[in-house]
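Structure at a glance
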Amino acid sequence: MIEHVVSRLSACIEDTAFIFITETEFESFDAVCATISYETAVKGSFSLCCSKQLGIILAANLLGIEEQSNEAEANYQFAVAEILNIVGGMLVPDIWGETISYSLGVPVLTEQNSAQLLEIVKNSDEYVCFDADGEPILFIIHEDKHD
Amino acid sequence: MSHTILIVDDSPIIRTVMKKSILMSGLDIGSIHFAGNGEEALKVLNEQWIDIVFADINMPIMSGLELVDKMGLDPMLSSVPVVIVSSMNDQLQIESLKKAGVKAYIHKPVTPEVLRDVAMQILGEL
């Protein structure tokens with residue numbers, strides 16, 4: 001599953017925001033997170049978390065504007081949500097097969113401090129962390145458990 | 001002849017990116033309108049002549065799928081071409097949308113070239 005995340009997230013960030021990312025060890029950080037639910041044969045969610053600074057850079061690059069502009073700062077959460085939306089839409093067929101029917105929810109945005117993010121990672125099923133020009137970006141997979 | 005476009009997406013950043021892509025596409029654009037979900041899109045469509053709608057699927061309040069259904073049931077709107085722009089890659093859903101009258105399906109991320117090719121093909125049919 002993680003290899004699909006690495007491939008899709010790297011390609012998406014490179015194509016849409018022109019930033020190269022490399023896998024790195026996870027160290028918690030204050031983050032903006034977008035979470036999107038998926039439903040196919042199983043239910044769960046994907047989350048994408050990054051520093052506010054990286055969110056601003058993503059927004060600026062998506063919009064083709066300067067990082068210092070008010071518009072980039074105003075859109076940093078939406079940039080994270082949109083990257084997740086694109087990657088999430090590709091990951092479900094990657095993981096569960098191209099012929100499977102599935103649905104995705106609407107991205108939900110939250111701000112998490114370092115301790116909260118650490119808890120989310122501890123409770124996740126899988127995660128992978130990247131370095132993007134010195135800023136952290138984290139992808140988290142959570143699968144709903146059936147009792 | 002200049003064209004009137006409606007962009008329907010809950011993400012403000014995508015509405016802006018789509019607008020820039022359309023303006024860069026070389027199409028003759030008269031005006032571009034925006035809606036954050038299907039319900040807002042129906043309001044615009046009832047107030048304004050629109051030549052082509054670019055709509056996302058996953059939106060709060062009213063999804064792109066519901067928007068397509070409602071437009072199909074309205075004789076005034078059923079002939080307005082809709083292009084779905086989505087990250088979803090569900091082949092069954094794409095086939096079902098095309099049967100419901102959706103003219104084309106573009107996968108995100110969008111590029112000006114793809115938008116131009118799809119729009120020119122559809123607007124050429126008008």
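On a predicted model such as this, the values are computed, not experimentally measured, just so you know.

1. Examining helix H2 (residues 52-63) of chain A
All names here are of chain A. For H2, with twelve residues, the first-to-last C-alpha span of 16 Å sits near the 16 Å given by 1.5 Å per residue. By the burial criterion, the buried members of H2 are Leu54, Gly55, Ile56, Ile57, Leu58, Ala59, Ala60, Leu62 and Leu63. Two residues or fewer past H2, glycine 64 is found with a positive phi of approximately 70°.

2. Side note on the layout of surface pockets
Once rolled over the atoms, a probe with the size of a water molecule shows which space is left empty. Approximately 340 Å³ is the volume found for the largest pocket. What lines the largest pocket is a set of 19 residues, among which Thr16 and Leu62 of chain A together with Val17, Ser21 and Val110 of chain B lie closest to the centre. Breaking the lining of the largest pocket down by element, the ones donating at least two residues are helix H1 (2-17) and H2 of chain A together with helix H1 (12-24) of chain B. The leading source of residues in the lining of the largest pocket is H1 of chain B, at six residues. Of the residues assigned to the lining of the largest pocket, the class counts are eleven nonpolar, five polar and three charged.

3. Examining the confidence of the model for chain B
Residue and element names in this part refer to chain B. Per-chain confidence: chain B averages 91 in pLDDT, with 98% of residues scoring 70 or above. Across chain B, the element-wise mean pLDDT spans from 86 in helix H4 (residues 91-99) up to 97 in helix H2 (residues 38-47). Confidence estimates for the predicted assembly give a pTM of 0.87 and an ipTM of 0.81.

4. Focus on H2 of chain B
Residues and elements named next belong to chain B. Among all positions of H2, only Gly38, Ala41, Leu42, Val44 and Leu45 are buried. Looking straight down H2, one finds that the buried residues subtend no more than 165° of arc, so they occupy a single side. Exposed residues pointing more than 90 degrees away from the buried face of H2 are listed as Lys43, Asn46 and Glu47. Against strand E1 (3-8), strand E2 (29-35), strand E3 (52-55) and helix H3 (64-73) lie the buried residues of H2. The backbone nitrogen of glutamate 39 lies 2.9 Å from a side-chain oxygen of the residue at the head of H2, namely asparagine 37.

5. Remarks on the packing of H1 of chain A against helix H4 (residues 76-96) of chain A
Residues and elements named next belong to chain A. The contact between H1 and H4 brings their axes to 10 Å, and the two run at 145°. Relative to H4, the crossing made by H1 is right-handed. In contact with His4, Val5, Arg8, Leu9, Cys12, Ile13 and Thr16 of H1, H4 contributes Ile83, Ile86, Val87, Met90, Leu91, Asp94 and Ile95. When grouped by side-chain class, the residues that make up the contact of H1 with H4 number ten nonpolar, two polar and two charged.

6. Looking at the interface of chain A and chain B
Taken residue by residue, the interface counts 24 residues in chain A and 19 residues in chain B. Each partner contributes to the roughly 1700 Å² buried at the junction of chain A and chain B, and carbon and sulfur atoms together form 61% of this total. It is Leu63, Glu82 and Tyr102 of chain A that lose the most area in chain A upon contact with chain B, and together they represent 29% of the buried surface on that side. Here chain A and chain B share one salt bridge between them. Lysine 108 of chain B is the salt-bridge partner of glutamate 82 of chain A, the closest N and O atoms lying 3.1 Å from each other. If you list the elements that add at least two residues to the side of chain A that touches chain B, you get H2, H4 and strand E4 (103-104) of chain A. Of the residues forming the side of chain A that touches chain B, the biggest block, eight residues, is contributed by H4 of chain A.

Here is what the cut-offs are and how they apply
Residues numbered from 1 in each chain as written. Chains lettered and ligands numbered in written order. Predicted model: local features only at pLDDT ≥ 70, side-chain atom pairs only at ≥ 80, totals over all residues. Heavy atoms only, no water. Helix = DSSP H or I, 4+ residues; strand = E, 2+ residues; numbered from the N terminus. Expected span 1.5 Å × (residues − 1). Buried < 20%, exposed > 50% of the residue type's maximum accessible area, 1.4 Å probe, protein only. 1 Å grid on protein atoms, 1.4 Å probe; cavity = no way out; pocket = protein on both sides within 12 Å on 5 of 7 lines; lining within 4 Å. Points joined across faces, edges and corners; volume = space filled by probe spheres on them. Nonpolar A, V, L, I, M, F, W, Y, C, P; charged D, E, K, R; others polar. pLDDT = per-residue confidence, 0-100. Arc of directions from axis to C-beta. Contact = heavy atoms within 4.5 Å. Polar contact = N/O pair within 3.5 Å; in protein donor to acceptor, adjacent residues only side chain to side chain. Axes fitted to C-alpha atoms, helices over the stretch in contact; angles between N-to-C directions. Left-handed = near helix turned anticlockwise from the far one by under 90°. Buried area = accessible area lost by both parts, 1.4 Å probe. Salt bridge = Lys/Arg side-chain N within 4 Å of Asp/Glu carboxyl O.

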